[in-house]
Amino acid sequence: GPALVPDVPGIFPRLPEGAPRNRLTLAKWFFAPGQPLTARTAVNRYWEQLFGTGIVETLENFGSVGEEPSHPELLDWLALHFQNELHWDMKALLRELVTSATYRQSAKAPPNLLERDPRNRLLARGPKQRLTAEMVRDQALLASGLLSDKMGGPPVMPPQPEGVWNSVYNDSKWKDATGPDRYRRAIYTYIKRTSGYPSFLTFDASDHDTSLARRIPTNTPLQALVTLNDPVYYEAAEAMAERMIARQANVDARIRYGARLVLSRDLTEQELTALRALYQKTLATPTLTPVVASARGSPKDLNAMTAVASVLINLDASLTR
């Protein structure tokens, strides 16, 4: 039969005549002016990162078995704009998206709109989506003041429940990091493909067996168990409570300050009343384990404020942007 040479699918623009059929030619072809796939795929993925769902929902499949775009003209315009006017400038594209009227809408919606368009495919309200596994952890550490700003270096082993991590192929053990490395950003967490970091997996992170273009978020009781009991989140709640006690003089002011750290807004009176009641109930409850006093508070005060901080970190509003 005829000789077969490396080439691209016939529905796309041809490779340059006379160019060698190698990876460099293919890389240049991906960014050629008449080649639409790269720009369309890229803008769709950036859109998904900001709005929660891509214009084409199936990020991993732009083919005939994938979903059709919800707004095909918008996808076409964004792709051409990104390629021709913005010259592949990702920051410029992201700036245009986040400063658009569509993105800056309120996420609140009346019941009739929620019933008509529960997944916001009409873009009639602002985006609302759960933080990724890594963001959930980093946000808790940032609010507590523990997050390390160290950049670069080898991966670290942050705390996790004892006995969860097991290596089935050798005797390697999980050794909790100490000092600032204990609180490094999630991107530096040690990952072993056959045994992932448990709290990340609970919040729908990839198990690293396959490459995923998108994560499909779930909402399970196990996630609340992580943010209420995992060592990382308990340490974050305790440190955040110490921060609240050190910065403010009375209980209400401390609770309001903690809420602003996590929610970036003031509490409503109803929310403040509920958290104050939790604080008072915890304060009156005997502790089973001794708690070290903070610089400005008694052990029981710190324990009660830690309970409040833990609830703040675990709120749905805290885990959603």
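First, a word on scope: everything that follows refers to the structure included in this document. (Residues numbered from 1 in each chain as written. Predicted model: local features only at pLDDT ≥ 70, side-chain atom pairs only at ≥ 80, totals over all residues. Heavy atoms only, no water.)

Topic: the packing of aromatic side chains
Thinking step 1. Applying the stated criterion across every chain yields a total of 10 aromatic pairs.
Thinking step 2. With a centroid separation of 6.2 Å and 70° between ring planes, the pair formed by Trp174 and Tyr190 is classed as edge-to-face. With Trp174 in the loop between α6 (133–144) and α7 (198–202) and Tyr190 in the loop between α6 and α7, the pair connects residues that are 16 residues apart, well separated along the chain.
Thinking step 3. With relative accessibility at 14%, the residue Trp174 sits in the buried group.
Thinking step 4. Owing to a relative accessible area of 28%, Tyr190 belongs among the partly exposed residues under this scheme.
Thinking step 5. For Arg184, the ring lying beneath its charged end belongs to Tyr188, and the centroid distance is 3.8 Å. (Phe/Tyr/Trp six-rings, centres within 6.5 Å; stacked < 30°, edge-to-face > 60°. Helix = DSSP H or I, 4+ residues; strand = E, 2+ residues; numbered from the N terminus. Buried < 20%, exposed > 50% of the residue type's maximum accessible area, 1.4 Å probe, protein only. Lys NZ or Arg CZ within 6 Å of the ring centre and 35° of its normal.)

Brief notes about helix α12 (residues 299–314)
Thinking step 1. The terminal C-alpha atoms of α12 lie 23 Å apart, and with 16 residues this matches the ideal 22 Å at 1.5 Å per residue to within 8%.
Thinking step 2. Among all positions in α12, only Asp301, Leu302, Asn303, Ala304, Met305, Thr306, Val308, Ala309, Ser310, Leu312 and Ile313 are buried. (Expected span 1.5 Å × (residues − 1).)

A few points about the packing of helix α2 (residues 37–51) against helix α3 (residues 72–85)
Thinking step 1. Here α2 crosses α3 at 110°, and the two axes come no closer than 8 Å. Our classification of the angle between α2 and α3 gives roughly perpendicular. Judged by residue contacts, Ala39, Arg40, Ala42, Val43, Asn44, Tyr46 and Trp47 of α2 engage Leu74, Leu75, Asp76, Leu78, Ala79, Phe82 and Gln83 from α3.
Thinking step 2. Within the contact of α2 with α3, the residues separate by chemical class into 10 nonpolar, 2 polar and 2 charged. (Axes fitted to C-alpha atoms, helices over the stretch in contact; angles between N-to-C directions. Parallel < 35°, antiparallel > 145°, perpendicular 65-115°, else oblique. Contact = heavy atoms within 4.5 Å. Nonpolar A, V, L, I, M, F, W, Y, C, P; charged D, E, K, R; others polar.)

Description of the pattern of salt bridges
Thinking step 1. Using the criterion set out here, one finds 14 salt bridges in the structure.
Thinking step 2. With its nearest N and O atoms 2.7 Å apart, the salt bridge here joins Glu235 to Arg182. Here the residue Glu235 occupies a position in helix α9 (residues 231–247), and Arg182 occupies one in the loop between α6 and α7, the gap between them amounting to 53 residues.
Thinking step 3. Among the residues examined, Glu235 registers a relative accessible area of 19% and is labelled buried.
Thinking step 4. For Glu269, the salt bridge is made with Arg256, and the minimal N-O distance between the two is 3.9 Å. One end of the pair, Glu269, is in helix α11 (residues 269–283); the other, Arg256, is in helix α10 (residues 251–263), and 13 residues separate them in sequence. (Salt bridge = Lys/Arg side-chain N within 4 Å of Asp/Glu carboxyl O.)

A word on a nonpolar patch on the surface
Thinking step 1. Side chains of Leu26, Phe30 and Phe31 sit close together on the surface and give an oily, nonpolar patch of about 250 Å² of accessible area.
Thinking step 2. Turning to its location among the elements, Phe31 is positioned in the loop between α1 (23–30) and α2.
Thinking step 3. The partly exposed category is assigned to Phe31, whose relative accessible area is 46%. (Patch = residues over 30% accessible without salt bridge, like charges linked within 9 Å, V, L, I, M, F, W, Y side chains within 5 Å. Areas by Shrake-Rupley, 256 points an atom, 1.4 Å probe, with all protein chains shown as cover.)

Remarks on the side chain of Arg121
Thinking step 1. As for its position among the elements, Arg121 is in the loop between α5 (111–116) and α6.
Thinking step 2. One buried charged residue, Arg121, forms no salt bridge at all, with the nearest opposite charge on Glu57 at 4.8 Å.
Thinking step 3. At 3.3 Å, the side chain of Arg121 and the backbone oxygen of Ile55 are in polar contact. (Lys, Arg positive; Asp, Glu negative; His and termini not counted. Polar contact = N/O pair within 3.5 Å; in protein donor to acceptor, adjacent residues only side chain to side chain.)

As for helix α8 (residues 221–229)
Thinking step 1. For α8, the full list of buried residues reads Gln223, Val226 and Thr227. For α8, the angular spread of the buried residues around the axis is 85°, confining them to a single face. Those residues of α8 that are exposed and aimed more than 90 degrees away from the buried face are Pro221, Leu222 and Asn229.
Thinking step 2. Elements in contact with the buried residues of α8: α6, α7, α9 and α12. (Arc of directions from axis to C-beta.)

Some points on the environment of Lys281
Thinking step 1. Residue placement: Lys281 occurs in helix α11.
Thinking step 2. In this structure Lys281 comes out as exposed when scored by relative accessible area, which is 62%.
Thinking step 3. Sequence-wise, Lys281 and Ala304 are 23 residues apart; in three dimensions their C-alpha atoms are separated by 8.1 Å.

Notes on the nonpolar core
Thinking step 1. Ranked by size, the top nonpolar core spans 41 residues in total, and within it Met240, Met305 and Val308 carry the most contacts.
Thinking step 2. Going through the elements one at a time, α6, α9, α10, α11 and α12 are the ones with two or more residues in this core.
Thinking step 3. Here this core gets 8 residues from one element, more than from any other, and that element is α9.
Thinking step 4. Ignoring anything within four residues of it in the chain, the contact list for Met305 reads Ala241, Met244, Ile245, Arg254, Ile255 and Tyr279.
Thinking step 5. Core analysis: the next-biggest nonpolar cluster, separate from the first, contains 17 residues, Trp47, Leu50, Leu75 and Leu97 among them. (Core = buried A, V, L, I, M, F, W, Y, C linked by side-chain atoms within 4.5 Å.)

Quick look at unusual backbone geometry
Thinking step 1. One non-glycine residue with positive phi stands out, namely Trp88, at about 65°.
Thinking step 2. Locating Trp88 in the fold gives a position in the loop between α3 and α4 (90–98).
Thinking step 3. Look at Trp88 and you get partly exposed, because its relative accessible area is 25%.
Thinking step 4. Unlike most non-glycine residues, Ser264 shows phi in positive territory, near 60°.
Thinking step 5. Given the relative accessible area of 65%, Ser264 is considered exposed.

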